[in-house]
Amino acid sequence: MGIKTEEYEAECCETTEVHEDLLRIVSEKMPQEEELYDLAELFKVFGDSTRIRILFVLFEAEVCVCDLAETLHMTQSAISHQLKILKQSKLVKSRREGKSVFYSLADAHVRTIIDQGREHIEED
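Remember, it's a predicted structure, so these values are computed and weren't measured experimentally.

J.: Teacher, can you tell me more about the pairing of strand β2 (residues 92-97) here?
T.: Taken residue by residue, a regular strand's side chains alternate between the two faces of the sheet. As defined by bridge partners, β2 adjoins strand β3 (residues 100-105) across six bridges and the pair is classed as antiparallel. Note on β3: the bridge partner recorded for Val92 is Leu105. Counting the residues that bridge the hairpin from β2 to β3 gives two residues, and of these Gly98 lies at a positive phi of roughly 65 degrees.

J.: Mind showing me how you'd approach the pattern of salt bridges here?
T.: Close approach of charged atoms allows side chains with opposite charge to pair. Scanning all chains against the criterion turns up three salt bridges. Two residues, Lys44 and Glu41, come together in a salt bridge whose shortest N-O distance is 2.8 Å. One end of the pair, Lys44, and the other, Glu41, are both in helix α2 (residues 33-45), three residues apart, so they sit about a helical turn from each other. On the basis of relative accessible area, Glu41 is assigned to the partly exposed category, the value being 28%.

J.: Hey, could you run me through the packing of helix α4 (residues 65-72) against helix α5 (residues 76-88) in this one?
T.: Think of two packed helices as two axes; the pair is described by the angle between the axes and how far apart they sit. At their nearest, the axes of α4 and α5 sit 9 Å apart, and the two run at 110 degrees to each other. When the axes of α4 and α5 are compared, the pair comes out roughly perpendicular. In terms of crossing hand, the pair formed by α4 and α5 is right-handed. Mapping the contact onto sequence places Val65, Cys66, Leu68, Ala69 and Leu72 in α4 and Gln76, Ile79 and Leu83 in α5. Looking at the contact of α4 with α5 residue by residue, the classes come out as seven nonpolar, one polar and no charged.

J.: Even after reading the chapter, I still don't get a nonpolar patch on the surface, so can you show me in this structure?
T.: A surface patch of nonpolar side chains, about 250 Å² in accessible area, is lined by Val26, Met30 and Leu36. Within the secondary structure, Leu36 is located in helix α2. Residue classification places Leu36 among the partly exposed residues on the basis of a relative accessible area of 30%.

J.: For this particular structure, what's the right way to read the packing of aromatic side chains?
T.: The geometry of an aromatic ring pair is captured by two quantities: the separation of the ring centres and the angle between the planes. Under the counting rule described, the total for this entry stands at two aromatic pairs. Summarising the aromatic geometry, the rings of Phe43 and Phe46 are spaced 6.3 Å apart at their centres and angled 45 degrees between planes, so their arrangement reads as tilted.

J.: Is there a simple way to explain the sheet that holds β2 in this structure?
T.: Pairing between sheet strands relies on hydrogen bonds along the backbone, with the strands arranged either parallel or antiparallel. Strand order in this open sheet of three strands is β1-β3-β2, and the pairing throughout is antiparallel. The outermost strands of the open sheet, each flanked by one partner alone, are β1 (63-64) and β2.

J.: Explain α4 to me, please; I cannot follow it from the model alone.
T.: An α-helical turn contains 3.6 residues, so a residue and the one three or four places further along point in the same direction. Of all the residues in α4, the buried ones are Val65, Leu68, Ala69 and Leu72. Take α4 and look down its axis: the buried residues cluster within an arc of 100 degrees, on one side only. Each element contacted by the buried residues of α4 is listed here: α3 (49-60), β1, α5 and β3. Directly after α4, the chain includes His73, whose backbone phi takes a positive value near 55 degrees.

J.: Sorry, what's going on with the packing of α3 against helix α6 (residues 108-121) here?
T.: Put simply, α3 and α6 touch, their axes get as near as 11 Å, and they point 115 degrees apart. α3 and α6 meet at a crossing whose hand is left-handed. For the pair α3 and α6, the contacting residues are Ile52, Leu55, Phe56 and Phe59 in the first and Val110, Arg111, Ile114 and Arg118 in the second. Grouping the constituent residues of the contact of α3 with α6 by class yields six nonpolar, no polar and two charged.

Procedures and definitions
- Residues numbered from 1 in each chain as written.
- Predicted model: local features only at pLDDT ≥ 70, side-chain atom pairs only at ≥ 80, totals over all residues.
- Heavy atoms only, no water.
- Pairing = 2+ DSSP bridges.
- Helix = DSSP H or I, 4+ residues; strand = E, 2+ residues; numbered from the N terminus.
- Salt bridge = Lys/Arg side-chain N within 4 Å of Asp/Glu carboxyl O.
- Buried < 20%, exposed > 50% of the residue type's maximum accessible area, 1.4 Å probe, protein only.
- Axes fitted to C-alpha atoms, helices over the stretch in contact; angles between N-to-C directions.
- Parallel < 35°, antiparallel > 145°, perpendicular 65-115°, else oblique.
- Left-handed = near helix turned anticlockwise from the far one by under 90°.
- Contact = heavy atoms within 4.5 Å.
- Nonpolar A, V, L, I, M, F, W, Y, C, P; charged D, E, K, R; others polar.
- Patch = residues over 30% accessible without salt bridge, like charges linked within 9 Å, V, L, I, M, F, W, Y side chains within 5 Å.
- Areas by Shrake-Rupley, 256 points an atom, 1.4 Å probe, with all protein chains shown as cover.
- Phe/Tyr/Trp six-rings, centres within 6.5 Å; stacked < 30°, edge-to-face > 60°.
- Arc of directions from axis to C-beta.

Below is the structure:
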């Protein structure tokens, strides 16, 4: 099931009326710019289907780069590049065992983010 591509037109107010009480509440709750920027950067990481595929593999097991490359039919170099981005975003972690490097999800939040995204796109 894909994202619906229907076009939606945003409706606008017919008059300009500022609701000061609502704006005050919003202003008090609005996170700092740096936090908003960091959040936007995190969601950009989820904007790549290869990284999403890697995360789905890691939902099932801790695997080495060789296994990821084989499973996803990609080169180790391509997988390694995506893992670097996922690791910088604190979505995955790694550990060395002999000559192999194994990757796993950094924490349960990663699965929650993906699960909620899936729930959202599957809504009617």
